[in-house]
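# Structural overview
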Amino acid sequence: MNQWIENILRFVVLLLLQVLLFNNLQFFGLCTPCVYVLFLIALPPTLPRWVELLIGFAAGFILDIFCNTLGVQTAACTMVAYVRPLLIKNMIQDNERLTDTPSGTSFGRLTYIRIVAILVVLHHTAMFSLLAFSFHNWWMTLIQIVVSSLFTVLVILGLDLLKR
Amino acid sequence: MRTLLQFLVKYSILLLFLVLEIVAFILLVRHNNYPQSAVLSSANRVSATLYEAGSTVSDYFSLRTQNRVLMDENAELRNRIAALENKLEGVEEDSLAQYVYADKNIEVRAAKVINNSTHLQRNYMTLNKGERDGVGIDMGVVSKEGVVGIVSAVSEKYAVVIPVLNPKVSISCKLRKNGYVGTLHWDGKDYRFAELQDIARHIDVNEGDTIVTSGYSDVFPENLPVGIIDKAELTESDAYYNIKVRLAVNFKTIEYVSVIENKNREEQKLLEGVTQNK
């Protein structure tokens, strides 16, 4: 029960942060960090996979409505929700670690950084490619992916350090 | 049959994933074709209220500049009133004036921008005025500096605008000095510049020329500022100029806009429709 409340709260806070702060933050139009992904990363690892997929779909859809980008975040977040359990299963053998909310302490610092980085890059690649749908300046999209992913990963790791 | 069931059970998660992704893609493609839905855009009540709350906070940071802009505009309007009054004095004696119909077919409504983007390849803008304030689809939106965009969706209290910074919009423009008409189009790169197309090579075009609306569409009245020519290129084999226009409006700092309603639009459309059907 407690876990439910924690996750819903995290969802609301991240949605507000994303819509009111991060979406307005652009360094030379290159960087649009999407810290919102943290909600998907921090879901309990014990969640059944179909539930996680539906949550990812819904979370992306809600963000899409706020950003006027119908379909883009939905596709990107669903992809993160599909890959995350595979990644966690692959990287963490010790089952005791899987009970908590994923964080630097429960997963081990290095593993957590790797999982966050992979999922964020995946999400941002999907997001920016779909946003750029049918446009030719692909190098611009590439720079956006790299810079934004870097920023998002740093913010998520910063939040993780703050929590302790 | 059993193998099929086994297959379905084994790959159920992958299948669910694929189905959800397909739904997302359908949303994406359909949304690109039909942006009219007010519920699934930032004009819906929840997200618009949130954006409005956010913008009340950020408003305080720009009060000083906004004040100055409004004062400038006040002064300019006052000057124009004075100039018009001067003119009127001379005209009132003249009985000709009463035979001329006043061109009162345009109504302007002020609105505030509560959400805006400039960095995407398809940008949108949300206004705090909607249907109940008289804002409707396909009305033109301008700011003090010039043309901003066209209303694409309205809910009761909010409206979504497709600004010039969206390739879905093209605006009929002309060179102010000689009246040649072209089409303004955004290429998705820089929020300060757009391209002017269809200006043929024999036309005299220089850097620094002013671009204004042509008045050929029923959305914008004539002679509203659009921008200034930044660069005009013509290679040997081109039939048309490559013109880069510096937009008059700064979309990064835009806060207050006016929505223009052309009251004669229906009449004009109807008439044009009748003629085309013959």
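So, a few notes on the structure that sits alongside this text. Note that the coordinates shown come from a computational prediction; the quantities given were computed from them, not determined experimentally. (Residues numbered from 1 in each chain as written. Chains lettered and ligands numbered in written order. Predicted model: local features only at pLDDT ≥ 70, side-chain atom pairs only at ≥ 80, totals over all residues. Heavy atoms only, no water.)

Of the voids in this model, the largest pocket is the one considered here, and its volume is about 830 Å³. Forming the boundary of the largest pocket are 25 residues, of which Glu73(B), Ser143(B), Lys144(B), Glu145(B) and Ser258(B) lie nearest the centre. Put simply, the parts of the chain that give the lining of the largest pocket at least two residues each are helix H4 (63-92), strand S1 (106-116) and strand S12 (256-262) of chain B. For the lining of the largest pocket, the element with the most residues is H4(B), which contributes nine residues. Grouping the amino acids of the lining of the largest pocket by side-chain chemistry returns 13 nonpolar, six polar and six charged. Residue lining of the second largest pocket: 25 residues in total, with Asn24(A), Ser58(B), Ile114(B), Asn116(B) and Lys252(B) positioned closest to the centre. Those elements giving two or more residues to the lining of the second largest pocket turn out to be helix H1 (2-21) of chain A together with helix H3 (45-59) and S1 of chain B. (1 Å grid on protein atoms, 1.4 Å probe; cavity = no way out; pocket = protein on both sides within 12 Å on 5 of 7 lines; lining within 4 Å. Points joined across faces, edges and corners; volume = space filled by probe spheres on them. Helix = DSSP H or I, 4+ residues; strand = E, 2+ residues; numbered from the N terminus. Nonpolar A, V, L, I, M, F, W, Y, C, P; charged D, E, K, R; others polar.)

Residue and element names in this part refer to chain B. The six strands are arranged S1-S2-S5-S4-S3-S12 in a closed barrel whose pairing can be described as antiparallel. Taking the axes of each pair of neighbouring strands and ignoring which way they run, one obtains an average angle of 40° across the sheet. In terms of strand pairing, S1 meets strand S2 (residues 125-127) through three bridges, oriented antiparallel. Bridge pairing links asparagine 116 to methionine 125 in S2. (Pairing = 2+ DSSP bridges. Axes fitted to C-alpha atoms, helices over the stretch in contact; angles between N-to-C directions.)

Before going further, it helps to spend a moment on the sheet that holds strand S6 (residues 171-175) of chain B. Residues and elements named next belong to chain B. What the six strands build is a closed barrel, ordered S6-S7-S8-S11-S10-S9; its pairing is antiparallel. Strand-to-strand twist in this sheet, taken as the mean axis angle between neighbours without regard to direction, amounts to 40°. When strand S9 (residues 210-213) meets strand S10 (residues 225-233), the two strands line up antiparallel, connected through three bridges. What sits directly across from isoleucine 211, in S10, is glycine 227.

A few words now on the packing of aromatic side chains. Under the definition given, this model contains four aromatic pairs over all chains. Relative to Tyr11(B), the ring of Phe7(B) lies with its centre 5.0 Å away and its plane at 50°, an arrangement referred to as tilted. Residue Tyr11(B) is classed as partly exposed on the basis of its relative accessible area, which comes to 35%. Aromatic rings pair up to connect Phe11(A), Tyr36(A) and Phe39(A) into one cluster. Geometry around Tyr82(A) places Arg49(A) over its ring, the cationic atom sitting 4.9 Å from the centre. One residue, Lys252(B), lies across the ring of Tyr191(B), its end atom 4.9 Å from the ring centre. (Phe/Tyr/Trp six-rings, centres within 6.5 Å; stacked < 30°, edge-to-face > 60°. Buried < 20%, exposed > 50% of the residue type's maximum accessible area, 1.4 Å probe, protein only. Lys NZ or Arg CZ within 6 Å of the ring centre and 35° of its normal.)

On to the packing of H1(A) against H3(B). The interhelical angle for the contact between H1(A) and H3(B), taken along N-to-C directions, is 60°, at an axis separation of 10 Å. It follows that H1(A) is oblique to H3(B) by the angle criterion. At the point where H1(A) passes H3(B), the crossing takes the right-handed sense. In this structure, H1(A) uses Leu16(A), Val19(A) and Leu20(A) to contact H3(B), whose residues at the interface are Leu50(B), Tyr51(B) and Gly54(B). Class assignment for the residues of the contact of H1(A) with H3(B) results in five nonpolar, one polar and no charged. (Parallel < 35°, antiparallel > 145°, perpendicular 65-115°, else oblique. Left-handed = near helix turned anticlockwise from the far one by under 90°. Contact = heavy atoms within 4.5 Å.)

As enumerated under the stated definition, the model contains two cavities of 30 Å³ or more in all. Approximately 330 Å³ is the volume attributed to the largest cavity. If you go around the largest cavity, you meet 26 residues; those closest to its centre are Asn23(A), Cys67(A), Ser117(B), His119(B) and Leu120(B). Elements with a minimum of two residues in the lining of the largest cavity: H1, helix H3 (49-67), helix H4 (72-91) and helix H6 (109-131) of chain A together with S1 of chain B. Its residues assigned to classes, the lining of the largest cavity shows 13 nonpolar, 12 polar and one charged.

This next bit is on the interface of chain A and chain B. If you look at the interface, chain A gives 33 residues, while chain B gives 35 residues. Both faces considered, chain A and chain B share a buried interface measuring about 3,200 Å² in area, 70% of it formed by carbon and sulfur atoms. Between chain A and chain B we count zero salt bridges in total. Here chain A is connected to chain B by one residue pair in polar contact (both at pLDDT 80 or more). Among the elements of the structure, H1, H3, H4 and H6 of chain A are those that each provide at least two residues to the side of chain A that touches chain B. (Buried area = accessible area lost by both parts, 1.4 Å probe. Salt bridge = Lys/Arg side-chain N within 4 Å of Asp/Glu carboxyl O. Polar contact = N/O pair within 3.5 Å; in protein donor to acceptor, adjacent residues only side chain to side chain.)

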